[in-house]
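Chains, contacts and geometry: an overview
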Amino acid sequence: MFVRIDHVMICVPELDAGMAQFRRLGFAVHPGGVHPGKGTHNAIAFNHDDYVELMAIRDRAEYERASAGSHSHDGGLANFTAAGGGIRFVIIQSDDLAADVAAMRSRGVEVGDATPGSRRTPAGQELNWKLAMLGARNPLPIFFIEHVTPIDARRAQVPRAGEHPNRVYALERAYIVTPDVAAAAATYAKVLGMPEPKVSKGTVIMADMAVFQIGPTGLGVAQPYADGPAAEALAGRGPGCFQALYRTASMDAAARWIGSQGLPPLARGVRNTGEHAMLATPDVAGGAYIGFVGPQ
């Protein structure tokens, strides 16, 4: 079954610059290593169980050769980052990817087989996983992962997993903007094998949204109803991922750190849950909207 959102993939034009931006937002970002034969490299900010991934092209020629395959999820990365980057994919974790692939196919979903992937960290640690990508009839900005390397070993790739200056400890929700929330919810329900959620109003992103609860994390598909972050994202980049919302143990700690880095105060709003949230805009967050929610 699908157990959680494993991470969001934020693709940036240049990795060092992207790392600097996220460190200013209070994430403890560390070099992640290279993807052998893919021409890409990444950086990781590990929370307790999920993480932020920043990814960029490392070797353009190697990337072009690798992404020529019709089933590569890296295809189009160069154009995406040239346009400013941002959240390109939401990656959903499975505890049995072969079984989930079979279940999706039984629902008429076009999806590829689970294939192996790996990355070698700067310290020489090899991390292994399996990936499954949706087919051409389901061009959604999600794919699926089953980790082969245990969670404790994956946490060891960074010095102190889940310890960030902004006190973030978990991904709360990832958002995908769409011009038609009803149609999108029906599509995602079929792919995920979940009931269609009721539509509610997102008062910070200013969108009608249907949120699929996947374990402790939410995947929200959102249609703008007024000017705001969702409308800006849809107008600027079209349908796709646009925001990740992170839970912090202290909004004040996050705000103090961000202020100490010379950034202006983040915009604040009140969620439909009554909680206060802060939102970093794409110009300071690698092309993405990055939200924070938690106690003061």
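Keep in mind that this is a model prediction, so the values were computed, not measured.

**Here we look at empty space enclosed by the protein**
Counted under the stated rule, the structure contains one cavity of 30 Å³ or more. One number sums up the size of the largest cavity: a volume of about 110 Å³. For the largest cavity, the lining is made up of 13 residues, of which Tyr-175, Val-204, Ile-205, Leu-245 and Arg-271 are closest to its centre. Put simply, the parts of the chain that give the lining of the largest cavity at least two residues each are strand S9 (168-177), strand S13 (240-248) and strand S15 (276-280).

**A word on the side chain of Gln-157**
Mapped onto the secondary structure, Gln-157 falls in the loop between helix H5 (151-155) and S9. Separated by 2.8 Å, the side chain of Gln-157 and the backbone oxygen of Arg-154 make a polar contact. In this structure, Gln-157 is in contact with Ile-44, Phe-46, Arg-119, Thr-121, Gln-125 and Leu-127, ignoring residues within four places of it in sequence.

**Focus on the packing of aromatic side chains**
As enumerated under the stated definition, the model contains eight aromatic pairs in all. Ring centres 5.2 Å apart and planes at 70° place the aromatic pair Phe-89 and Phe-143 in the edge-to-face group. A residue pair is termed long-range when its members are at least 10 positions apart, and Phe-89 in strand S5 (residues 86-94) and Phe-143 in strand S8 (residues 142-147) qualify at 54 residues. The burial state of Phe-89 is the same as that of Phe-143; both residues are buried. Each residue in the set Phe-22, Phe-27, Tyr-246 and Phe-292 is aromatic and connected to the rest through ring pairs, giving one cluster. Here the basic side chain of Arg-88 rests over the ring of Phe-80, its NZ or CZ set 5.6 Å away from the ring centre.

**So, the environment of Pro-195**
Note on placement: Pro-195 falls in the loop between helix H6 (181-192) and strand S10 (199-202). Overall, Pro-195 belongs to the exposed group, its relative accessible area being 68%. Among residues more than four places away in sequence, those in contact with Pro-195 are Ala-189 and Phe-212.

Basis of the calculations
Residues numbered from 1 in each chain as written. Predicted model: local features only at pLDDT ≥ 70, side-chain atom pairs only at ≥ 80, totals over all residues. Heavy atoms only, no water. 1 Å grid on protein atoms, 1.4 Å probe; cavity = no way out; pocket = protein on both sides within 12 Å on 5 of 7 lines; lining within 4 Å. Points joined across faces, edges and corners; volume = space filled by probe spheres on them. Helix = DSSP H or I, 4+ residues; strand = E, 2+ residues; numbered from the N terminus. Polar contact = N/O pair within 3.5 Å; in protein donor to acceptor, adjacent residues only side chain to side chain. Contact = heavy atoms within 4.5 Å. Phe/Tyr/Trp six-rings, centres within 6.5 Å; stacked < 30°, edge-to-face > 60°. Buried < 20%, exposed > 50% of the residue type's maximum accessible area, 1.4 Å probe, protein only. Lys NZ or Arg CZ within 6 Å of the ring centre and 35° of its normal.

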